[in-house]
Amino acid sequence: AAPLFGMLPEMESGQRVIVASNGVFVQVKRDWLACVERVGGTDAALPLPYGTITPSVWFTFGTIPIALLDAFIAAGRAGLPNEIAGGLIYSAQRAALRLAIYEPLHSTAHGIEYRMPPLDRDESIAVDLHTHGRLPAFWSGTDDMDDRSVKVAGVFGNLDREQPSAAFRLVLNGMYRPLAHPWQAAAAQPVESNESW
């Protein structure tokens, strides 16, 4: 329950459901993520003796370096017409992201099966990436079935063009929160601040 007075107790890594006077929320904590997302409402006529909660998302790594996304896009273009997959892996010890391109087991212009890379004990997949080759970036039914963990998911399409299309979302165990992709974020900021996302 969200306390009416005072702060919500801190949480270690994990997940919990919070009932507040303004709705039901899920809180997720990972080495790389602190997130509170509203999942449902409560009857406004029922005066609950709880405090309010404000949704929030905070990434430990700050912003995604554009250089990592550029490197992934370059690998995607080299793999045309087939799809590729990869991820930005977060190291809690180094407090940094690194790019890994996943080993394809079977790849076509319409799908990919791949082998995940081994991770060090302090590492986790923070951003899951794949391409759609020459097709636009969108969330397919297969993507929705695959996105059941906690991560940021990103897809790049139209890799045969100078500027590819992109879509990003925060995945919370089957719930999705749209995120601005790098070009959307860059358009809303001064040009000199586009080195990270």
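A quick note: this is a predicted structure, and the numbers were derived from the prediction, not measured.

*Asks:* So what about the pattern of salt bridges? Which residues, and what values?
*Replies:* Evaluation of the coordinates by the stated rule reveals eight salt bridges. For Arg 98, the salt bridge is made with Glu 123, and the minimal N-O distance between the two is 2.9 Å. Within this pair, whereas Arg 98 is found in strand S6 (residues 96-101), its partner Glu 123 is found in strand S9 (residues 123-131), the two being separated by 25 residues in sequence. Residue Arg 98 is classed as partly exposed on the basis of its relative accessible area of 28%. Residue Glu 123 is classed as buried on the basis of its relative accessible area, which comes to 8%. Across the pair Lys 151 and Asp 147 runs a salt bridge whose closest N-O atoms are separated by 2.9 Å.

*Asks:* Break down the nonpolar core for me, with residues and values.
*Replies:* For soluble globular proteins, nonpolar side chains are generally found buried alongside one another. Trp 32, Leu 33 and Phe 156 are the most contacted members of the largest nonpolar core, which has 28 residues in total. Sorting the residues of this core by element identifies strand S2 (23-29), strand S3 (33-40), helix H1 (66-78), strand S5 (85-91), S9, strand S10 (150-157) and strand S11 (165-172) as the ones contributing at least two each. Sorting elements by how many residues they give to this core places H1 first, with five residues.

*Asks:* Residue-level account of the sheet that holds S10, with values.
*Replies:* Pairing is mixed across the open sheet formed by six strands, whose spatial order is S6-S5-S9-S10-S11-S12. Where the open sheet ends on each side, the last strands, each with one partner, are S6 and strand S12 (175-179). When strand polarity is set aside, the average angle formed by the axes of neighbouring strands in this sheet is 25°. Note that S10 and S11 share eight bridges and pair antiparallel. Paired with Lys 151 across the two strands is Val 171, which belongs to S11.

*Asks:* So what's going on with the side chain of Asp 147? Which residues, and what values?
*Replies:* Along the chain, the position of Asp 147 falls in the loop between helix H2 (141-146) and S10. Overall, the relative accessible area of 3% leaves Asp 147 in the buried class. Here Lys 151 takes part through its side chain, which lies 2.9 Å from a polar atom of the side chain of Asp 147. With residues up to four places along the chain from it excluded, the contact list for Asp 147 reads Asp 128, Trp 139, Ala 153, Arg 169, Val 171, Gly 174 and Tyr 176.

Procedures and definitions
Starting from 1, residues in each chain are numbered consecutively following that chain's sequence as written. pLDDT decides what is reported in this predicted model: residues at 70 or higher carry local features, side-chain atom pairs at 80 or more are listed and counted, and totals for whole chains, interfaces and linings draw on all residues regardless. Values reported for side chains reflect all heavy atoms of the structure, with hydrogen atoms and water molecules removed beforehand. A carboxyl oxygen of Asp or Glu within 4 Å of a side-chain nitrogen of Lys or Arg is what we treat as a salt bridge. Helix and strand labels come from DSSP, where a helix needs a run of H or I of at least four residues and a strand needs a run of E of at least two; each type is numbered from the N terminus. Classification of residues uses two cut-offs on accessible area relative to the type maximum, computed with a 1.4 Å probe and protein chains only: under 20% is buried, over 50% is exposed, and between them is partly exposed. Residues grouped as a nonpolar core are buried Ala, Val, Leu, Ile, Met, Phe, Trp, Tyr and Cys residues, joined through side-chain atoms within 4.5 Å. By this definition, two strands are paired if DSSP reports at least two bridges between them. Axis definition: a line fitted to C-alpha atoms, over the contacting stretch in the case of helices. Angles run 0 to 180 degrees between N-to-C directions. Throughout this description, a polar contact denotes any pair of N or O atoms lying within 3.5 Å of each other; where both atoms belong to protein, one of them has to be capable of donating a hydrogen while the other can accept it, and for residues adjacent in sequence the pair is counted only when both atoms sit in side chains. Only heavy atoms matter for contacts: two residues are in contact if any of them lie within 4.5 Å across the pair.

So yeah, pure geometry; function would need other evidence.
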